[in-house]
Amino acid sequence: MLIELKDIYKIYREGEESEVRALDGVSLTIDRGEFVAIVGASGSGKSTLMNVLGCLDIPTYGEYRLDGAEITTRTDAQLAQIRNRQIGFIFQGYNLIPELTALENVALPLAYQGMHMQQRNETAMEALEKVGMALRAQSHPSELSGGQQQRIAIARAIAAHPSMIMADEPTGALDSKTGKQVLEMLQQLYREGTTVILITHDLSIAATVPRVIRISDGKILSDEMQEVDWL
Amino acid sequence: MTVMQSFRMALKSISAKKMRSFLTMLGIIIGVASVVILVSVIQAQNKKSLEYLESQGTNKLTVSAYRWTGGDISRDLYDYCLGLSDLVVGVTPEVHLYNDGLSVKYGTHTVSATAEDWRKSGQFILGSDQYGLCNNYKLSAGRDLTRMDIDNYQNVCVLGGGVAETLFNLVNPVGKSVTILGTPYTVVGVYQKKNVDNWPELDNLILLPYSLNRTLGNNQTISEYSVKAVSASAADVAAIRIQGYLSALIPESSGYSHVQNNNQSMDSMDEMLMAQSLVLGGIAGISLLVGGIGIMNIMLVTVTERTREIGIRKAIGASRRSIILQFLIEASVICAIGGIIGILLGFLGTLIAAKLLLKMLFLPGEGITIGAFAFSVVLGIIFGLYPAIKASGLQPVEALRAE
């Protein structure tokens, strides 16, 4: 069991009239090596769920065990370390740092691990080769297309060999062809044994993922396995 | 993230916004340059004054005494000091003549009191037979003035080594006749050069018997004297005795007298140097402080602008510590670069100011250089701290939402 959520609440302005329950009693488990889509409309709470799963945010109530360890009681520094080593993020807006080259962007999580320059660059280069961007290692994000930038972002997410990848609308800013390439890359990661959690509002994308969790108003509506054509 | 990596990252961010970084540095540059220049010019001034006092030798008293009525006390003081022979080595009037057109000529060579090149201008001084003794001049040829020269109004002079070289080149000046204001004077002696770097005029001395005050000095009253004592303790005793004698000789109602011990002047010079440096350095330091506030301002803007970047860094695993380090290093690197440019400007400014104001070659000492640099880096850390802490406290979720 990689992820175990138990009665997770995320409540803003608790007790006031304008109280918002972004997560309203969510429980779910995700096994190591699963490919899960979390689907919902905007405002459904799926982004909050991703933030909690990605250790970017702490729930108001509830228990969250990641890899057997309780998350909700961790300090800032410990959460930073967990994000650094166990989770790879892929965002809709790529979120690369514009002043850094592709290689430096990919090497950044490794730098925060304290890895030395040479080893860091070698590891980052491997990740770039994996996403087919080795030739653009010295380019800055502004010199690359959206699809290329997202591939750099994927390389950054996988560089530290995390146990799970969190992809938040990774195809949202891409045309359908490059979007498909990005999805294929996530499928490939899944085949290699990485846990992949994909957050999307797009049902056609959700249709390609073996397990789909629907969320609405901070609650889980359904949690179903399905056949997919690429397996 | 090691410090080295943070350092490289800081250089990258700074060079990405060159104009802004430069404007931010400007406060530090101006602050450091003005601290360096002000403190250095004071040090130069004091170095020059100390050199002068030292060239005059230690254990010297400067005496000011005159009667309102103009009656000359030179002979009285001379005779009184003869009686203090166990304390006093010599006594001499010190009258600098600045008359228009004053010059000394030999053949085609001239040394003028008002030469365009200050290094070549002659110092025409009326003194006694003990002038050289009192002011640490040693004869290289001929003889000093004598009491006879003074009492008999002899047209004789002793030349400083510099003047002798200018006028006579390799010829021995002793016994030769030079012309001052149209009148011939016999050179009776030449002093060795002192070669004090910033006081070349000390070697451009033309010493004349003080009794010639009647003709050369337009009969003005002689009021300044130097007395040389045998030792530091003798100087202290002699100062009290001479002051006592003068007070009796010139009652307060009829004139003025004052004895100044140059040993004490040298001591108080050091204290003055310290005080002046602190005051002026402090004033200039305020401009550094203003520069520091500018750094804080721009770092706060930078943190706001880079909220998203901070969010990304935190999402992929940057700890608060790494973020603080990143912004602290960025602020200190800006200050350090500003400090280095400021020091270079300070060297240039000191060179120019010392040349124009003090006519000497002077560069800032290592103390003020290292001090100013260290202070600017510390300033960067102090004023970078608040923005850095603010940046590190951003929540990744909120930071990522920023546009």
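These numbers come from a predicted model, not from an experiment.

Conventions and cut-offs
Residues numbered from 1 in each chain as written. Chains lettered and ligands numbered in written order. Predicted model: local features only at pLDDT ≥ 70, side-chain atom pairs only at ≥ 80, totals over all residues. Heavy atoms only, no water. Axes fitted to C-alpha atoms, helices over the stretch in contact; angles between N-to-C directions. Helix = DSSP H or I, 4+ residues; strand = E, 2+ residues; numbered from the N terminus. Parallel < 35°, antiparallel > 145°, perpendicular 65-115°, else oblique. Contact = heavy atoms within 4.5 Å. Buried area = accessible area lost by both parts, 1.4 Å probe. Salt bridge = Lys/Arg side-chain N within 4 Å of Asp/Glu carboxyl O. Left-handed = near helix turned anticlockwise from the far one by under 90°. Patch = residues over 30% accessible without salt bridge, like charges linked within 9 Å, V, L, I, M, F, W, Y side chains within 5 Å. Areas by Shrake-Rupley, 256 points an atom, 1.4 Å probe, with all protein chains shown as cover. 1 Å grid on protein atoms, 1.4 Å probe; cavity = no way out; pocket = protein on both sides within 12 Å on 5 of 7 lines; lining within 4 Å. Points joined across faces, edges and corners; volume = space filled by probe spheres on them. Nonpolar A, V, L, I, M, F, W, Y, C, P; charged D, E, K, R; others polar.

Asks: Help me understand the packing of helix α2 (residues 18-55) of chain B against helix α9 (residues 262-305) of chain B, please; the structure alone is not making it clear to me.
Replies: Axis angle and axis distance: for two packed helices, these are the angle between their axes and the distance between the axes, and together they describe the pair. Between α2 of chain B and α9 of chain B, whose axes approach to 8 Å, the crossing angle comes to 175 degrees. As far as their axial angle goes, α9 of chain B and α2 of chain B are roughly antiparallel.

Asks: Help me understand the interface of chain B and chain A in this model?
Replies: The accessible area lost on association of the parts is a frequent measure of interface size. Taken together, the contact between chain B and chain A spans 22 residues of the former and 24 residues of the latter. With both chains or domains summed, chain B and chain A bury close to 2,100 Å², and 59% of this area falls on carbon and sulfur atoms. Counting every contact that joins chain B to chain A gives 1 salt bridge. The shortest N-O distance in the salt bridge between Lys12 of chain B and Glu104 of chain A comes to 2.5 Å.

Asks: Any chance you could explain the packing of α9 of chain B against helix α11 (residues 320-358) of chain B here in plain terms?
Replies: Residues and elements named next belong to chain B. Remark: α9 packs on α11, axes separated minimally by 11 Å, with the N-to-C direction vectors making an angle of 140 degrees. As judged from the angle between their axes, α9 and α11 are oblique. Where α9 crosses over α11, the handedness of that crossing is right-handed. The residues of α11 that touch α9, namely those facing Ile295, Met299, Thr302 and Val303, are Phe327, Glu330, Ala331, Ile334 and Cys335.

Asks: Explain a nonpolar patch on the surface here, please?
Replies: On the surface, a nonpolar cluster with roughly 890 Å² of combined accessible area is contributed by Ile341, Leu345, Leu348, Leu351, Ile352, Leu356, Leu357, Leu361 and Leu363 of chain B. Structurally, Leu361 of chain B is set in the loop between α11 and α12 (366-392).

Asks: Looking at this structure, I do not really get empty space enclosed by the protein. What am I missing?
Replies: Where empty space is left in the structure can be found by rolling a water-sized probe over the atoms. Going through the model one piece at a time under the given rule, you end up with 4 cavities of 30 Å³ or more. Ser13, Lys17, Thr302, Arg306 and Glu330 of chain B are, among the 16 residues lining the largest cavity, the residues nearest its centre. At the level of secondary structure, the elements contributing two or more residues to the lining of the largest cavity comprise α1 (3-16), α2, α9 and α11 of chain B. Ranked by residue count, the leading element in the lining of the largest cavity is α9 of chain B, at 4 residues. Tallied by class, residues from the lining of the largest cavity come to 5 nonpolar, 4 polar and 7 charged. The volume enclosed by the second largest cavity comes to roughly 70 Å³. Residue lining of the second largest cavity: Arg83, Asn84, Ile87, Gly88, Phe89, Pro109, Arg156, Ala157 and Ala160 of chain A together with Ile316 of chain B, and that is the complete set.

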